[in-house]
Amino acid sequence: MTSRLLSVLPVSLPDAPRNGPSAPDRRRLLATAVGTVAGLWLLNACDPQRIRELEEGVSTEADVRARFGEPERVWDEPGGARTLEYNRQPEGHQNYMITIGTDGRMTALRQVLAPHVFEKIVPGMLMEEVRRRLGKPAKMTTFERQGETVWDWRWNDGGTQPMVFSTTFDLRGRVLRSGSAFDMRDGK
């Protein structure tokens, strides 16, 4: 991925228009963009190592936060447990839900962008329930004329072809339909 990313970056920057940023400013902006993309890639690449360092029933919430950082969202569970949502969208292909029991120890670590979870997204389900099962989507698009909103999550089926799972909601925030397709972001 890194070599592919670097191959599309310009070797030199064109001269800026008279009112545009100066060459040093453009270089700084480019360096910031490259650093951000590289940081996201490294964040996702480190997940398997972080997961190996955690053990259900032993690792504490502090251990989870030390490895994964602050969660995107914390979901309260029945009985006092909590689930920490760790989002890897839009560039990653995973979203993790890590459950912390009432004793403060990790009881489950799940990667939720998978077919067995997608099949549980059914017509009539509320937006909030979908968000709770899959985590924050990579993209949210509203189609005002159709009265629909589509949420997309990037995922990988274990092969080399990236996929997108999409859920379409009506004006009331209820699922109309959902399904997966090949990720055509790169025009392939």
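Details of the structure are given in the entry above.
Residues numbered from 1 in each chain as written. Predicted model: local features only at pLDDT ≥ 70, side-chain atom pairs only at ≥ 80, totals over all residues. Heavy atoms only, no water.

**Overview of the pairing of strand 3 (residues 95-100)**
- Taken across its six residues, strand 3 has six buried, putting it largely inside the fold.
- Judged by which residues are buried, strand 3 turns out to be covered on both faces: Asn95, Met97 and Thr99 on one side and Tyr96, Ile98 and Ile100 on the other are all buried.
- Across six bridges, strand 2 (residues 82-87) lies against strand 3 in antiparallel orientation. Bridge pairing in strand 3 places Asn87 opposite Asn95.
- Note that strand 3 and strand 4 (residues 106-111) share five bridges and pair antiparallel. Residue pairing in the sheet places Met97 in a bridge with Arg110 of strand 4.
- Hairpin remark: strand 3 followed by strand 4, antiparallel, with five residues in the connecting loop; positive phi at Gly104, about 85°. (Buried < 20%, exposed > 50% of the residue type's maximum accessible area, 1.4 Å probe, protein only. Helix = DSSP H or I, 4+ residues; strand = E, 2+ residues; numbered from the N terminus. Pairing = 2+ DSSP bridges.)

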